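In case you want the letters, here they are:
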Amino acid sequence: MKKTVIAGLIALTSASAFAATDIFAALDVNEDNMLSAKEASIDTTLAAIFNDLDGDKDGYVSKQEFSVLLQR
Ligand SMILES: [Ca+2]
């Protein structure tokens with residue numbers, strides 16, 4: 001399941017060479033270093049796993065929470 005998610009995110013950026021932080025920055029439209037559910041909704045794969053990524057359940061995915069996914 002996680003592999004599929006990663007492939008989807010990489011496809012989203014159209015550049016497999018992108019680092020996790022670059023993908024995060026592309027998704028973080030308002031540049032507050034947090035991904036909101038609205039920002040995540042740009043990608044259906046990301047939207048589907050948003051709650052799983054939000055490890056501390058504060059309603060936002062931090063850069064740290066996001067990078068954990070891409071390191072797997
Ligand atoms: Ca969070």
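Residues numbered from 1 in each chain as written. Predicted model: local features only at pLDDT ≥ 70, side-chain atom pairs only at ≥ 80, totals over all residues. Heavy atoms only, no water.

J.: Go over the environment of Tyr 60 with me, naming the residues and quoting the values.
T.: Position of Tyr 60 among the secondary structure elements: in the loop between α4 (44-53) and β2 (61-62). Considering only alpha carbons, one finds Tyr 60 and Lys 38, 22 residues apart in sequence, at a separation of 9.8 Å. The residues touching Tyr 60, leaving out its near neighbours within four places in the chain, are Met 34, Leu 35, Ser 36, Phe 50, Asp 54 and Glu 65. (Helix = DSSP H or I, 4+ residues; strand = E, 2+ residues; numbered from the N terminus. Contact = heavy atoms within 4.5 Å.)

J.: Account for the nonpolar core, with residues named and values stated.
T.: Core analysis: the biggest nonpolar cluster contains twelve residues, these being Ile 23, Phe 24, Leu 27, Leu 35, Ala 40, Leu 46, Ile 49, Phe 50, Leu 53, Val 61, Phe 66 and Leu 69. Broken down by secondary-structure element, the contributors of at least two residues to this core are α2 (20-27), α4 and α5 (63-70). The biggest single contributor to this core is α4, with four residues. (Core = buried A, V, L, I, M, F, W, Y, C linked by side-chain atoms within 4.5 Å. Buried < 20%, exposed > 50% of the residue type's maximum accessible area, 1.4 Å probe, protein only.)

J.: Residues and numbers for the coordination of the calcium ion, please.
T.: Within the protein, the calcium ion binds to Asp 54 (OD), Asp 56 (OD), Asp 58 (OD), Tyr 60 (O), Glu 65 (OE) and Glu 65 (OE); these donor distances fall in the range 2.0 to 2.7 Å. With six donor atoms in place around the calcium ion and angles of 49 to 161° between them, the coordination shape is irregular. Donor residues binding the calcium ion come from one chain and are separated in sequence as D-x1-D-x1-D-x1-Y-x4-E. (Donors = N, O, S within 2.8 Å, 3.2 Å for Na, K, Ca; no water. Tetrahedral: all angles 85-135°; square planar, octahedral: opposite > 155°, others 65-115°.)

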